[in-house]
Amino acid sequence: MTLTYLRDYCLSKTGTSEDTPFDANTLCFRVGGKIFGITDIENFDFINLKCDPEKSEELRERYPGITPGYHMNKKWWNSVSVQGNVPDKLILDLVDHSYELIFDSLPKKIQAEIRP
């Protein structure tokens, strides 16, 4: 998984934007103004993604490259390695899952503006 591929994939999701609100190296992907993915541009080792808590537990047991979210709420966020120990397909599925969790939490009015 490369940063360019992951970035392009995230930005292909409807209504997604990106910014670096914390520092020049921390890239955030947002939908409706809320973050669904965070990664480091210089040290692209993992991406933080939101995940259903039950699913998180199962993933963390199965994949050593999926750990509680670094600097995040450990119940809801995972740090997902992009160093080859988590399949690329699973990483993209987890991006989708995180995006949908955030999208579903948005007010209906904002959801309708994103997906008319």
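Our subject in this report is the structure included herewith. Predicted model only: the values in this text are computed from it and were never measured.

Before going further, it helps to examine the pairing of strand β6 (residues 77–81). In terms of burial, β6 is largely enclosed, as 5 of its 5 residues are buried. Burial along β6 is two-sided: W77, S79 and S81 facing one way and N78 and V80 facing the other are all buried. As defined by bridge partners, strand β4 (residues 46–50) adjoins β6 across 5 bridges and the pair is classed as antiparallel. Along β6, the bridge assignment pairs F46 with S81. Summarising the sheet, strand β5 (residues 66–68) and β6 pair through 3 bridges and their orientation is antiparallel. When the sheet's bridge partners are listed, T67 is paired in β6 with S79.

Estimated volume of the largest pocket: approximately 190 Å³. The wall of the largest pocket is formed by T26, I38, T39, D40, N43, D45, F46, N48, Y70, H71 and M72. Secondary structure elements with two or more residues in the lining of the largest pocket: β3 (34–40) and β4. Ranked by residues supplied to the lining of the largest pocket, first place goes to β3 with 3 residues. Its residues assigned to classes, the lining of the largest pocket shows 4 nonpolar, 5 polar and 2 charged.

Turning next to the packing of helix α1 (residues 3–11) against helix α3 (residues 88–105). One can describe the packing of α1 onto α3 by two numbers: an axis separation of 11 Å at closest approach and a directional angle of 35°. With respect to the hand of their crossing, α1 and α3 are arranged in right-handed fashion. For the pair α1 and α3, the contacting residues are Y5, L6, Y9 and C10 in the first and I91, L92, V95 and D96 in the second. Residue composition of the contact of α1 with α3, by class: 7 nonpolar, no polar and 1 charged.

Cut-off values and rules
- Residues numbered from 1 in each chain as written.
- Predicted model: local features only at pLDDT ≥ 70, side-chain atom pairs only at ≥ 80, totals over all residues.
- Heavy atoms only, no water.
- Buried < 20%, exposed > 50% of the residue type's maximum accessible area, 1.4 Å probe, protein only.
- Helix = DSSP H or I, 4+ residues; strand = E, 2+ residues; numbered from the N terminus.
- Pairing = 2+ DSSP bridges.
- 1 Å grid on protein atoms, 1.4 Å probe; cavity = no way out; pocket = protein on both sides within 12 Å on 5 of 7 lines; lining within 4 Å.
- Points joined across faces, edges and corners; volume = space filled by probe spheres on them.
- Nonpolar A, V, L, I, M, F, W, Y, C, P; charged D, E, K, R; others polar.
- Axes fitted to C-alpha atoms, helices over the stretch in contact; angles between N-to-C directions.
- Left-handed = near helix turned anticlockwise from the far one by under 90°.
- Contact = heavy atoms within 4.5 Å.

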